Amino acid sequence: NAGVMQNPRHLVRRRGQEARLRCSPVKGHSHVYWYRQLPEEGLKFMVYLQKENIIDESGMPKERFSAEFPKEGPSILRIQQVVRGDSAAYFCASSPPLGPNEQFFGPGTRLTVL
Amino acid sequence: KQEVTQIPAALSVPEGENLVLNCSFTDSAIYNLQWFRQDPGKGLTSLLLIQSSQREQTSGRLNASLDKSSGRSTLYIAASQPGDSATYLCAVCGGANNLFFGTGTRLTVIP
């Protein structure tokens, strides 16, 4: 019974490149959340998705960031034209339907922008 | 906007001691509260979930309490062990399903 899986675990990008972060939720979970942890800061909510729907993106920067959770396949967090300030750990969590429920977190993707 | 505060920011105790970590939140309209553990460079491990209607939850040496009206939760760790050394995070779930996190308490248990 696999938990939340994220890949890659570490990602290095140069300024201006694109970063794609993937998240596979716990089997049977239909809710996915993305959080960002900046160095020496707490985790901050970015976006909440259900299959094919963005429910709440109030924590997501308005430009360069997008997220999707397609009917098939993992959830993707996409960051275009990365800047040094995007360097952070990005965590995905999932929960079963009929929330709010306990959220289970993946190991995170550590993005470094050179 | 919900704000979550954890005190102390860091704590160092000798092995075997009982300890209490504190969490406070500003908006008492929550659905649940979760305590997590985060090891350096790792993800989050869920320790305990307390629903808003509950007062406490226990798992092994851990006990978490919730006083929604006063906006407080405590995590009690009994008979601490070096393996308990980690950062402990408190997170509250509001109506939008997302979690608001505190900045954590970094615990060091000295053998």
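Before reading on, note that the structure itself is shown above.
Only a predicted model underlies this, so the values are computations on that prediction, with no experimental measurement involved. (Residues numbered from 1 in each chain as written. Chains lettered and ligands numbered in written order. Predicted model: local features only at pLDDT ≥ 70, side-chain atom pairs only at ≥ 80, totals over all residues. Heavy atoms only, no water.)

Q: Break down the overall build of chain A for me, citing the residues and quoting the values.
A: When its secondary structure is counted, chain A shows 0 helices and 11 strands. Listed N to C, the secondary structure of chain A is β-β-β-β-β-β-β-β-β-β-β in terms of helices and strands. Against the globule reference of 13 Å for 114 residues, chain A gives a C-alpha radius of gyration of 13 Å, in line with a compact fold. In chain A, which comprises 114 residues, the proportion classed as buried is 45%. Contacts in chain A between residues far apart in sequence, at least 24 positions, make up 52% of those at least 6 positions apart. Accessible surface, chain A: about 5900 Å² in total, of which carbon and sulfur atoms supply 48%. Side-chain charges of chain A comprise 16 positive and 11 negative groups, with the mean position of each set lying 7 Å from the other. (Helix = DSSP H or I, 4+ residues; strand = E, 2+ residues; numbered from the N terminus. Rg over C-alpha atoms; globule rule 2.2 N^0.38 Å. Buried < 20%, exposed > 50% of the residue type's maximum accessible area, 1.4 Å probe, protein only. Contact = heavy atoms within 4.5 Å. Areas by Shrake-Rupley, 256 points an atom, 1.4 Å probe, with all protein chains shown as cover. Lys, Arg positive; Asp, Glu negative; His and termini not counted. Charge placed at Lys NZ, Arg CZ, Asp CG, Glu CD.)

Q: So what about the pairing of strand 6 (residues 56-59) of chain B? Which residues, and what values?
A: Residue and element names in this part refer to chain B. With 4 bridges joining them, strand 6 and strand 7 (residues 62-67) adopt antiparallel strand pairing. When the sheet's bridge partners are listed, T58 is paired in strand 7 with N63. Following strand 6, the chain reverses through 2 residues before pairing antiparallel with strand 7; G60 in that reversal takes a positive phi of roughly 60°. (Pairing = 2+ DSSP bridges.)

Q: Now, about the pattern of salt bridges: what can you tell me, with residues and values included?
A: Counted by the stated rule, this structure contains 5 salt bridges over all chains. Measuring nitrogen to oxygen at the nearest pair gives 2.9 Å for the salt bridge that ties A:E18 to A:R78. One end of the pair, A:E18, is in the loop between strand 2 (10-13) and strand 3 (19-24); the other, A:R78, is in strand 8 (residues 75-79), with 60 residues separating them in the sequence. For A:R78, a relative accessible area of 27% translates into the label partly exposed. A salt bridge links B:R37 to B:D39, with the shortest nitrogen-to-oxygen separation between them at 3.0 Å. Connected through shared salt-bridge partners, A:E18, A:R20 and A:R78 make up one network. (Salt bridge = Lys/Arg side-chain N within 4 Å of Asp/Glu carboxyl O.)

Q: Would you mind going over the sheet that holds strand 3 (residues 19-25) of chain B in detail, with residue names and values included?
A: Residues and elements named next belong to chain B. Read across the open sheet, the 5 strands follow the order 1-3-8-7-6; overall the sheet is antiparallel. The open sheet is flanked by strand 1 (4-7) and strand 6, the only strands paired with a single partner. Adjacent strand axes in the sheet meet at a mean angle of 15°, parallel and antiparallel pairs treated alike. (Axes fitted to C-alpha atoms, helices over the stretch in contact; angles between N-to-C directions.)

Q: Tell me what's going on with the interface of chain A and chain B, and back it up with residues and numbers.
A: Contact with chain A, which involves 19 residues of that partner, is made by 20 residues of chain B. Roughly 1600 Å² is buried in total at the junction of chain A and chain B, and carbon and sulfur atoms are behind 52% of that figure. Counting across the chain A and chain B interface gives 7 residue pairs in polar contact (both at pLDDT 80 or more). Sort the elements by how many residues they give to the side of chain A that touches chain B and strand 4 (residues 31-37) of chain A lands first, with 4 residues. Looking at side-chain class alone, the side of chain A that touches chain B contains 9 nonpolar, 7 polar and 3 charged residues. (Buried area = accessible area lost by both parts, 1.4 Å probe. Polar contact = N/O pair within 3.5 Å; in protein donor to acceptor, adjacent residues only side chain to side chain. Nonpolar A, V, L, I, M, F, W, Y, C, P; charged D, E, K, R; others polar.)

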